[in-house]
Amino acid sequence: MSSQTIADHDHHDHKPVGIKRWLFSTNHKDIGTMYLVFALIMFFIGGSMAMVIRAELFQPGLQFVDPQFYNSMVTVHALVMIFGAVMPAGVGLANWMIPIMIGAPDMALPRMNNMSFWILPFAFALLLGTLFIDGGGPAGGWTMYPPLVLQTGKAFPYLIFAVHFLGVSSIMGAINIIATVFNMRAPGMTLMRLPLFVWTWVITAFLLIASMPVLAGAVTMLLTDKYFGTSFFNAAGGGDPVLFQHIFWFFGHPEVYILILPAFGIISQIIPTFARKPLFGYASMVYATASIAILSFFVWAHHMFTVGLPITGELFFMYATMLIAVPTGVKVFNWVATMWKGAMTFEAPMLFAIAFVILFTIGGFSGLMLGITPVDFQYHDTYFVVAHFHYVLLTGAVFALMASAYYWLPKWTGYMYDEKLAKIHFWLSAIASNVLFFPQHFLGLAGMPRRIPDYSVQFADFNMISSLGGFAYGISQLLFVYIVIKCVLGGKKATSQVWEGARGLEWTLSSPPPFHSFTKPPKVTKALMDY
Amino acid sequence: MYLNEWMKNFLFKLVFVVSAFFFLSPDILHAEWGLNMTQGVTPISQDVYNMHMTTLYVVTVIGILVFGVMFWSIFHHRKSKGVKPSKFSHSTSVEVIWTLIPFIIIVSLAIPATKLLARMDDTSESSITVKATGYQWKWKYDYINEDVTIYSNMAEDSVEASQRNSGIDPKATDNYLRNTDTALVLPVGKKIRILTTANDVIHAWWVPDLGWKRDAIPGFINDNWTIINKEGVYRGQCAELCGKGHGYMPIVVKAVPEKEYTAWIEGTKLALKSKNASSDKDFTMDELRAKGEGVYKANCLACHQANGQGIKGVFPAIDGSPLANLKENIPAHIHQVIYGKGVMPAFGEQLSDTDIASVVTFVRNNWGNKTGHIIQPKDVVAARKK
Ligand SMILES: [Cu+2]
């Protein structure tokens, strides 16, 4: 296998140039870069929708947009952030890092890799295009619950096909990652020596393959209900609108872990590096990740405690949900134990990683509260839920992505980024995101439902604070773009190892790595990871 | 200055909120800014509140411990302090302990939660049953066994103030967005069964003071109960995204002594009868337009807009439409209001003959529609018979 690979390279070891390099790319690093740039663009598109939402909610009364448009902002913001920003960013990191972390020359299926990326811009063209047609974009929430979603106008088929394309793209990406990790590891890179980032991605890939087809099935049933006279979700025709919710969340809950597991992996790479100490409890980290993934298929109905499930069902899903706190706790404890007695320094990746541990844990706490069924009857569909999932997804997943960007930028570009600006970016983000989301806990507890364009005046103060935090967070992210561009253009040369405490194969390659990463498989020994 | 005042207010609240949430007692949490869950006015809402506080305390203590250890480490185990990193990488006993302790904690939370859930589930032995039906965008309440049905729309002044750039200050509006034209009147101290269902899409019926919310799903009926211990007016709103008017579906529960409740039921029965009886009277154009404007605001404006233009591609315009202008279309127009068409709901059940006559007259003689057509209640009666 390996000699074959090397022989192939001799034949076409040229770097395509210009637009062809990107359009027809089969190179894992180029495709990884495209994924990351795409994700960043989507992050700003989704973010600008969040700005519209926060502007409208700045004061009671309707000032800027109509309720219908507001609902489509809420809907499309979620779809863009989940499927356009966080997931592609994760796949981009996987593309860039997995081959060089396991000592492979490229991904196992490079042409499929190209296709899975290039589907994305088309899928989002379909989705975002609906905002400009008569009747506007989809406005029934990203959860697409019938019967409401069936009232969508011309945007409906575009929404469904966009979701199908995104699913196809994700499944192809997932297959590629599994094929790569299982077939292309360098000699000596045993499964239990895999960097945690690779492990979390392998598990995520299995989640994707298991859950994406379920979503595809659900939206196809919506399509036939709307256009072909079926009644899967229509009670008048013998169907059940709640059936959709079961199917959707059977996909949707694993989806939550698809967003967060790669983040766990990133944090598990960064904390040891800056604590200059091996990751505490490597094996239990792997097992905890796997158990979270398995449990994620048995908790879906905690999103639907208020639909009127039988009490036995509610109890089952409550217990299963609370159980997830155990492996999640193990991960947090392991990170803290990794810091313990280390020799820490606090560069931007470490700052984001520490903030991740704290803020993700706060999101986990509210998650545990939400899991308690009788109390969830009060929390459900309020801003308490909005606060909860933004703590785990923004100060969780997105902070981890920011951490990874700073951690690996020197490896990707060959230059060090501007540490001073990055620290400013961190502090602005950390403070603003808490001003943005912490008050939303209070709003939810005080009785403000989510997804409303206007609210009763007792919610005015905290909404104003939250909006100010939102604007501050949005503006601070422009600084990130500036830092990245500056780093790509030049700066202090980065060494191969980049960080004093960095361990692993990716740090043995030059910064930036050669076009075909490992042309000769490296020999992996235990010493490689030693401190 | 306003901004200065605001900044002071803001800083004070920020400091207060952060400290209160983590360290202070529930009484302070419960202060005037609506920081915490309400304790409500039913036995269940009190239990739910207690369960919420217990969990909040548990996670707060865990948070203080875990973050405490972490920050101690962050301050002491720094390279800048010349620390040499230690090399340990696992400890089976520690890992077993911190798997077991969280497990024990969640079991101890799950036990009271299970008991509470069982209590909430028991709807037996209720003395009154009310069915709440969600509509886009209002609530209908049927007092089962009493033959009383009322519709509850958002109050008219809230409708006006909530129009985009209405220029009306929400703070000057009575219970902005949380006020209805008709309240759900319930007796205190009685076990009341509340059924939830919906007519079009999924809604959710939620009054925080009662301690729960429940989805209202078309084609299915959910079963709930409450005992309200304290007289008063309790406000809530639809909690499940149900389209454009989702934010404008308030719920007002008025809890009154039983005697007052019985009197209200009798009075409502009489009023409903007389409302349906006035169909043989004829009205003038001005009377019909005045009444029709109110009906329009409560029932039509959310979709067709204040200017009658609707929303392009979603809700058709009435202003200038053939249906609302051509004389030969009058029967079709009345028919569509009574029976609905496509996304437009049927209003025949909830609006009286006079209401329908007034609103049809109103839209045919408003904005650019200057038809001069007058529709009388008897025309509606005739249309219903067909
Ligand atoms: Cu509703």
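Anything mentioned here points back to the structure above.
Residues numbered from 1 in each chain as written. Chains lettered and ligands numbered in written order. Predicted model: local features only at pLDDT ≥ 70, side-chain atom pairs only at ≥ 80, totals over all residues. Heavy atoms only, no water.

Colleague: Mind showing me how you'd approach the overall build of chain B here?
Modeller: When helices and strands are tallied, chain B shows 11 helices and 10 strands. Radius of gyration (C-alpha) of chain B: 28 Å, far over the 21 Å computed for a compact globule of 386 residues. If one aligns the C-alpha atoms of chain B with their principal axes, the spans along those axes are about 90 × 50 × 40 Å. Looking at the 386 residues of chain B, the share that counts as buried comes to 50%. Of the roughly 18,100 Å² that chain B leaves accessible, carbon and sulfur atoms contribute 60%. Charge-centre separation for chain B: the mean point of 41 positive side chains lies 7 Å from the mean point of 37 negative side chains. (Helix = DSSP H or I, 4+ residues; strand = E, 2+ residues; numbered from the N terminus. Rg over C-alpha atoms; globule rule 2.2 N^0.38 Å. Buried < 20%, exposed > 50% of the residue type's maximum accessible area, 1.4 Å probe, protein only. Areas by Shrake-Rupley, 256 points an atom, 1.4 Å probe, with all protein chains shown as cover. Lys, Arg positive; Asp, Glu negative; His and termini not counted. Charge placed at Lys NZ, Arg CZ, Asp CG, Glu CD.)

Colleague: Please clarify how the overall build of chain A should be interpreted in this entry.
Modeller: When helices and strands are counted, chain A shows 16 helices and 0 strands. Rg of the C-alpha trace for chain A: 23 Å, near the compact-globule value of 24 Å for 531 residues, within the 12% margin. Dimensions of chain A, computed from C-alpha atoms along their principal axes, come out at roughly 65 × 50 × 45 Å. Each of the 531 residues in chain A was classed as buried or not, and the buried ones make up 68%. A total of about 16,700 Å² of accessible surface is found on chain A, and carbon and sulfur atoms cover 72% of it. Put simply, chain A has 26 plus and 22 minus side-chain charges, and the middle of one group is 13 Å from the middle of the other.

Colleague: Please clarify how the coordination of the copper ion should be interpreted in this entry.
Modeller: Reference values for coordination geometry: four tetrahedral donors around a metal ideally subtend 109.5 degrees, six octahedral donors ideally subtend 90 or 180 degrees. All names here are of chain B. Surrounding the copper ion are the protein donor atoms His 203 (ND1), Cys 238 (SG), Cys 242 (SG) and Met 249 (SD), which sit 2.0 to 2.5 Å from the metal. Each donor residue of the copper ion belongs to the same chain, with the gaps between them written as H-x34-C-x3-C-x6-M. Taken as a pair, His 203 in strand β6 (residues 203-207) and Met 249 in the loop between β9 (232-237) and β10 (250-256) lie far apart in primary sequence, 46 residues in all. For the residue pair His 203 and Met 249, the accessibility class agrees, reading buried in each case. (Donors = N, O, S within 2.8 Å, 3.2 Å for Na, K, Ca; no water.)

Colleague: What is the right way to look at the interface of chain B and chain A in this model?
Modeller: When the parts of a complex come together, some accessible area is lost, and that lost area is often used as the size of the interface. If you look at the interface, chain B gives 95 residues, while chain A gives 102 residues. Summing the contributions of chain B and of chain A, the shared interface buries around 8,800 Å²; its carbon and sulfur component is 71%. Applying the counting rule to chain B against chain A returns 2 salt bridges. Counting across the interface, chain B meets chain A through 25 residue pairs in polar contact (both at pLDDT 80 or more). Counting only elements with at least two residues in the side of chain B that touches chain A, the list comes to α1 (2-23), α3 (43-76), α4 (92-121) and β7 (212-216) of chain B. When grouped by side-chain class, the residues that make up the side of chain B that touches chain A number 51 nonpolar, 27 polar and 17 charged. (Contact = heavy atoms within 4.5 Å. Buried area = accessible area lost by both parts, 1.4 Å probe. Salt bridge = Lys/Arg side-chain N within 4 Å of Asp/Glu carboxyl O. Polar contact = N/O pair within 3.5 Å; in protein donor to acceptor, adjacent residues only side chain to side chain. Nonpolar A, V, L, I, M, F, W, Y, C, P; charged D, E, K, R; others polar.)

Colleague: Would you mind showing me how to read the sheet that holds strand β2 (residues 138-143) of chain B here?
Modeller: In a beta sheet, neighbouring strands pair by backbone hydrogen bonds and run either parallel or antiparallel. All names here are of chain B. Pairing is mixed across the open sheet formed by 5 strands, whose spatial order is β3-β2-β1-β5-β8. Strand pairing shows two members of the sheet lacking a second neighbour, β3 (148-152) and β8 (222-227), which therefore form its edges. The sheet shows a mean angle of 25 degrees between the axes of neighbouring strands, direction not considered. (Pairing = 2+ DSSP bridges. Axes fitted to C-alpha atoms, helices over the stretch in contact; angles between N-to-C directions.)

Colleague: I would appreciate a short explanation of unusual backbone geometry in the present structure.
Modeller: The bulk of non-glycine residues show a negative phi, and the bulk of peptide bonds are trans. Residue and element names in this part refer to chain A. The step from Pro 146 to Pro 147 runs through a cis peptide bond, and the omega angle for that step is 0 degrees. Note on placement: Pro 147 falls in the loop between α5 (110-129) and α6 (155-183). A cis geometry characterises the amide bond from Ser 511 onward to Pro 512, with omega recorded as -5 degrees. Counting through the fold element by element, Pro 512 comes out in the segment after α16 (460-489). Its identity as a non-glycine residue notwithstanding, Val 498 has a phi of 60 degrees, on the positive side. Topologically, Val 498 is positioned in the segment after α16.

Colleague: Would you take a moment to explain the packing of aromatic side chains for this structure?
Modeller: The geometry of an aromatic ring pair comes down to the distance between the two centres and the angle between the two planes. Tallying each qualifying case throughout the model produces 57 aromatic pairs over all chains. A ring pair is formed by Tyr 35 of chain A and Phe 117 of chain A, whose centres lie 5.2 Å apart and whose planes are at 75 degrees; its orientation type is edge-to-face. Of this pair, Tyr 35 of chain A sits in helix α3 (residues 28-56) while Phe 117 of chain A sits in helix α5, placing them 82 residues apart in sequence. Like Tyr 35 of chain A, the residue Phe 117 of chain A is buried in the burial classification. Between Phe 244 of chain A and Phe 248 of chain A, the aromatic rings sit 5.8 Å apart at their centres with planes inclined by 25 degrees, giving stacked as the arrangement. Here Phe 248 of chain A and Phe 244 of chain A lie together in helix α8 (residues 241-275), a separation of 4 residues that amounts to about one turn. Its end group placed over the ring of Phe 88 of chain B, Lys 277 of chain A keeps NZ or CZ at 3.8 Å from the ring centre. When the ring centre of Phe 377 of chain A is taken as origin, the NZ or CZ atom of Arg 214 of chain B, which lies over that ring, is 5.3 Å away. (Phe/Tyr/Trp six-rings, centres within 6.5 Å; stacked < 30°, edge-to-face > 60°. Lys NZ or Arg CZ within 6 Å of the ring centre and 35° of its normal.)

Colleague: Please explain the packing of helix α12 (residues 348-371) of chain A against helix α14 (residues 383-413) of chain A as it appears in this structure.
Modeller: The relative placement of two packed helices comes down to the angle between their axes together with the axis-to-axis distance. Residue and element names in this part refer to chain A. Where α12 meets α14, the axes come as close as 8 Å, and the angle between the chain directions of the two elements is 160 degrees. Judged on the interaxial angle alone, α14 and α12 are roughly antiparallel. As for the relative orientation of α12 and α14, their crossing is left-handed in sense. Counted by class, the contact of α12 with α14 contains 22 nonpolar, 7 polar and no charged residues. (Parallel < 35°, antiparallel > 145°, perpendicular 65-115°, else oblique. Left-handed = near helix turned anticlockwise from the far one by under 90°.)

Colleague: It is not clear to me how the state of the cysteines should be interpreted in this structure. Could you clarify?
Modeller: By definition, a disulfide is the covalent link that joins the sulfur atoms of two cysteine residues. Residues and elements named next belong to chain B. Considering all chains together, one arrives at 0 disulfides over all chains under this definition. Here Cys 300 is not cross-linked by a disulfide; its sulfur's nearest cysteine counterpart is in Cys 303, at 8.9 Å. On the basis of relative accessible area, Cys 300 is assigned to the buried category, the value being 16%. (Disulfide = S-S within 2.5 Å.)

Colleague: Even after reading the chapter, I still don't get the side chain of Asn 71 of chain A, so can you show me in this structure?
Modeller: Within the fold, Asn 71 of chain A resides in helix α4 (residues 67-102). Dropping the residues within four chain positions of it, Asn 71 of chain A is found in contact with Pro 138, Ala 139 and Arg 451 of chain A together with Leu 241, Gly 243 and Lys 244 of chain B.

Colleague: Could you clarify how one ought to interpret the environment of Leu 393 of chain A in this entry?
Modeller: Residue and element names in this part refer to chain A. Structurally, Leu 393 can be placed in helix α14. It is 17 Å that separates the C-alpha atoms of Leu 393 and Gly 371, two residues lying 22 residues apart in sequence. Setting aside residues no more than four positions away along its own chain, Leu 393 makes contact with Leu 259 and Val 398.

Colleague: Before we go on, may I ask you to explain the nonpolar core in this structure?
Modeller: One recurring pattern in soluble globular proteins is that nonpolar side chains are buried together. Phe 83, Phe 124, Met 144, Trp 335 and Phe 356 of chain A together with Tyr 143 and Trp 205 of chain B are the most contacted members of the largest nonpolar core, which has 271 residues in total. Ranked by residues supplied to this core, first place goes to α4 of chain A with 23 residues. Non-local contacts of Trp 335 of chain A, meaning those with residues more than four positions away in its chain, are made with Phe 264, Ile 267, Ser 268, Ile 271, Leu 279, Met 285, Phe 356 and Val 357 of chain A. One finds Tyr 176, Ile 334, Val 337 and Leu 351 of chain B within the second-largest nonpolar core, a separate group that totals 31 residues. (Core = buried A, V, L, I, M, F, W, Y, C linked by side-chain atoms within 4.5 Å.)

Colleague: Teacher, can you tell me more about the pattern of salt bridges here?
Modeller: Between side chains of opposite charge, a pair can form when the charged atoms approach closely. Residue and element names in this part refer to chain A. Scanning all chains against the criterion turns up 20 salt bridges over all chains. In this structure, Glu 500 and Arg 276 form a salt bridge, with 2.6 Å as the shortest nitrogen-oxygen distance. Remark: Arg 276 occurs in the loop between α8 and α9 (282-295) and Glu 500 occurs in the segment after α16; sequence separation between them is 224 residues. Arg 450 serves as the salt-bridge partner of Asp 381, at 3.6 Å between the closest nitrogen and oxygen. On the criterion of sequence distance, the pair formed by Asp 381 in the loop between α13 (373-379) and α14 and Arg 450 in the loop between α15 (419-446) and α16 is long-range, its members being 69 residues apart. The class for Arg 450 is buried, based on a relative accessible area of 13%.

Colleague: I tried to follow the environment of Gln 458 of chain A on my own but got confused; where do I start?
Modeller: All names here are of chain A. Here Gln 458 lies in the loop between α15 and α16. In the structure, Gln 458 is positioned 282 residues away from Asn 176 in sequence and 51 Å away in space, judged by C-alpha atoms. Within the local environment of Gln 458, its side chain forms a polar contact with the side chain of Ser 456, the two groups lying 2.6 Å apart.

Colleague: In this structure, what is going on with the sheet that holds strand β4 (residues 184-187) of chain B? I would like to understand it.
Modeller: All names here are of chain B. The 3 strands lie next to each other as β4-β10-β9, forming an open sheet whose pairing is mixed. The open sheet has two edge strands with one neighbour each: β4 and β9. The mean inter-strand angle of the sheet, taken between neighbouring strand axes irrespective of direction, is 25 degrees. In the sheet, β9 pairs with β10 via 6 bridges, with the strands oriented antiparallel. Residue pairing in the sheet places Gln 237 in a bridge with Pro 250 of β10.

Colleague: Before we go on, may I ask you to explain a nonpolar patch on the surface in this structure?
Modeller: On the surface, a cluster of nonpolar side chains totalling about 490 Å² of accessible area is made up of Phe 182, Leu 191, Met 192, Phe 206 and Tyr 287 of chain A. Following the sequence through the fold, Phe 182 of chain A ends up in helix α6. (Patch = residues over 30% accessible without salt bridge, like charges linked within 9 Å, V, L, I, M, F, W, Y side chains within 5 Å.)

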